[in-house]
Amino acid sequence: MDFNMKKLASDAGIFFTRAVQFTEEKFGQAEKTELDAHFENLLTRADSTRNWTEKILRQTEVLLQPNPSARVEEFLYEKLDRKVPSRVTNGELLAQYMAEAASELGPTTPYGKTLIKVAEAEKRLGGAERDFIHTASINFLTPLRNFLEGDWKTISKERRLLQNRRLDLDACKARLKKAKAAEAKATTVPDFQETRPRNYILSASASATVDDTSCPPSWSEWEEKYPGGWRLPCFFLLPLNPSVTQAQGCLSLPKNRKLWNDEVDKAEQELRVAQTEFDRQAEVTRLLLEGISSTHVNHLRCLHEFIESQTTYYAQCYRHMLDLQKQLGRFPGTFVGTTEPASPPLSSTSPTTSAATMPVVPSVAGLVPPGEAALCLEEVAPPASGTRKARVLYDYEAADSSELALLADELITVYSLPGMDPDWLIGERGNKKGKVPVTYLELLS
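Once that is clear, we can look at the nonpolar core. Formed by 34 residues in total, the largest nonpolar core has its most connected members in Phe132, Phe140 and Leu289. For this core, the secondary structure elements donating two or more residues are α2 (37–64), α5 (110–188), α8 (256–290) and α9 (292–328). Counting residues per element, this core draws most heavily on α5, which supplies 16 residues. Setting aside residues no more than four positions away along its own chain, leucine 289 makes contact with Phe39, Leu42, Leu43, Ala46 and Ile155. The next biggest cluster of nonpolar side chains, apart from the first, holds 21 residues, and it includes Tyr318, Ala390, Tyr396 and Tyr440.

Taking 1.5 Å as the rise per residue, helix α3 (residues 68–79) with 12 residues should run 16 Å; its terminal C-alpha atoms sit 17 Å apart, in good agreement. Backbone geometry just after α3 places aspartate 81 at a positive phi near 55°.

What follows covers the confidence of the model for the protein chain. This prediction gives the protein chain a mean pLDDT of 75; 71% of its residues lie at or above 70. For residues 229–254, every residue scores under 50 in pLDDT, and the model assigns this stretch 71 contacts once sequence neighbours within four places are set aside. Note on residues 330–375: pLDDT under 50 across the span, and 70 contacts to partners over four residues away in sequence or across chains.

Here the focus is the packing of α5 against α9. Packing of α5 against α9 leaves a shortest axis separation of 9 Å and a crossing angle of 175°. Taken together, the axes of α5 and α9 lie roughly antiparallel to each other. Of the residues contributing to the contact of α5 with α9, the split by class is 20 nonpolar, 11 polar and 5 charged.

This part is about the packing of α2 against α5. The contact between α2 and α5 brings their axes to 10 Å, and the two run at 150°. With respect to each other, α2 and α5 are oriented roughly antiparallel. For α2 against α5, the interelement crossing comes out left-handed. Partitioned by chemical class, the residues of the contact of α2 with α5 number 16 nonpolar, 4 polar and 6 charged.

This part covers the packing of aromatic side chains. Each aromatic ring pair is described using two quantities: the centre-to-centre distance and the angle formed by the ring planes. According to the stated counting rule, one finds 7 aromatic pairs in the structure shown. When the centroid spacing of 4.9 Å and the interplanar angle of 10° are considered together, the rings of phenylalanine 132 and tyrosine 313 count as stacked. Residue phenylalanine 132 is located in helix α5, and its partner tyrosine 313 is located in helix α9; the two are separated by 181 residues in the primary sequence. In this structure, phenylalanine 132 and tyrosine 313 share a single accessibility class: buried. For the pair tyrosine 394 and tyrosine 440, a centre-to-centre distance of 5.9 Å together with 90° between the ring planes defines the contact as edge-to-face. Linking tyrosine 394 in the loop between β8 (388–392) and β9 (411–415) with tyrosine 440 in the loop between β11 (432–437) and β12 (441–443), this pair joins segments that are 46 residues apart in sequence. Of the two residues, tyrosine 394 and tyrosine 440, both sit in the buried class. Ring pairing ties together the aromatic residues Phe132, Phe140, Phe306, Tyr313 and Tyr314, which thus form one cluster.

Mapped onto the elements of the fold, leucine 162 is located in helix α5. The class for leucine 162 is buried, based on a relative accessible area of 6%. C-alpha separation for the pair leucine 162 and glutamate 283, spaced 121 residues apart in sequence, amounts to 9.6 Å. In contact with leucine 162, other than residues within four places in its own chain, are Phe39, Phe278, Gln281, Ala282 and Thr285.

Attention now moves to the pattern of salt bridges. Enumeration over the complete set of coordinates arrives at 16 salt bridges. Between glutamate 442 and arginine 391 there is a salt bridge, with its nearest N and O atoms 2.6 Å apart. Of this pair, glutamate 442 sits in strand β12 while arginine 391 is found in strand β8, placing the two residues 51 residues apart along the sequence. The exposure class of glutamate 442 is partly exposed, given its relative accessible area of 28%. The shortest N-O distance in the salt bridge between lysine 433 and glutamate 428 comes to 3.8 Å. Its relative accessible area of 28% is what places lysine 433 among the partly exposed residues.

Across 4 bridges, the pairing between β8 and β9 is antiparallel. Across the sheet, residue arginine 391 finds its bridge partner in β9, namely leucine 411. With 3 bridges joining them, β8 and β12 adopt antiparallel strand pairing. Of the residues in β12, the one forming a bridge with arginine 391 is glutamate 442.

What counts and how
Residues numbered from 1 in each chain as written. Predicted model: local features only at pLDDT ≥ 70, side-chain atom pairs only at ≥ 80, totals over all residues. Heavy atoms only, no water. Core = buried A, V, L, I, M, F, W, Y, C linked by side-chain atoms within 4.5 Å. Buried < 20%, exposed > 50% of the residue type's maximum accessible area, 1.4 Å probe, protein only. Helix = DSSP H or I, 4+ residues; strand = E, 2+ residues; numbered from the N terminus. Contact = heavy atoms within 4.5 Å. Expected span 1.5 Å × (residues − 1). pLDDT = per-residue confidence, 0-100. Axes fitted to C-alpha atoms, helices over the stretch in contact; angles between N-to-C directions. Parallel < 35°, antiparallel > 145°, perpendicular 65-115°, else oblique. Nonpolar A, V, L, I, M, F, W, Y, C, P; charged D, E, K, R; others polar. Left-handed = near helix turned anticlockwise from the far one by under 90°. Phe/Tyr/Trp six-rings, centres within 6.5 Å; stacked < 30°, edge-to-face > 60°. Salt bridge = Lys/Arg side-chain N within 4 Å of Asp/Glu carboxyl O. Pairing = 2+ DSSP bridges.

Right under this line is the structure:
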């Protein structure tokens, strides 16, 4: 218990000293040790990284889960270290409602059949969304959280320690400065007689044999006659000064110059220790701050993975909706804004924004019936003239056996047949042949 009380008192004294130093610095009454420009840049960069990482993390969570209640629930499960229960996505819930509506309204009616087809497409969309959320959480959100809850907490802890070491160092500097000033002042004091104040007390060891008019000796005479600093009992007026002490009926005047010399030596020793601790902590903090560059590299890799998962998700959504439109007999060629083969077409729902990666497939109206398409394509020979080379711009998955699957950047031979829709061509790659959309190709001269 005694040891704990001593430690508590010591910690309280250190805290008070730091508080005084910090307050005096804020009011401009004390000097402050400034860090070098490179260190300050590292601190600013680290603060910016933490600030923007928090904002990106929060907004990505909103993107993946717009429902704030669901986000709070996931946060609580995470803090309790429990597995988050599986939650039905909005697309899957919509698919469930559509399937139930089709069952009740009649699955054999046109409306019921359409509801069933749309429900299946929405279910696939919901599954793709679930996979995207899971992948993005692991590859992107988790590394950002690990940085904020791990690396950044370590950096913040070391920065607080550096701040405390700096306050201790500046307090030691101020203490040494005051000690040197007091030492210089003590050196310039001429003697006891010339500096005594007006307030006096009578010595408790007064002697009646000494004349009342006697004066105390000068400091030099006292030090020469009494090397130990002690005066024989006498009767004279003494000033009210803390440097005057009384013990065993005798008076003592401590040697101020030696006292302040010792104080200066002690302050210099404390300053050396504080400087060493500050330099060591500054080096540790600097190494952690320079590690922010590695954090940026890691976050860059995670960002690429996030974009890849997002691209995969939207590509899956596009394929599912394209299949649904084909099943419903309505093809996206009805709302194509342009059919330029060198660039993706514009959507009528967003006339100012072009498609990012996947163009809209043109209408196949005018082609021969699907049941006869394969037979006709196999029997048709390429014309003697009119064939061209084309580079594939985007991957294309064949919807049926009459179409040719494409891979981005590959070269194929294309030509047109009489009566074909102008938005489609016949493509050949080796011994494979099939219809290909013009918007997926760049025709070469």
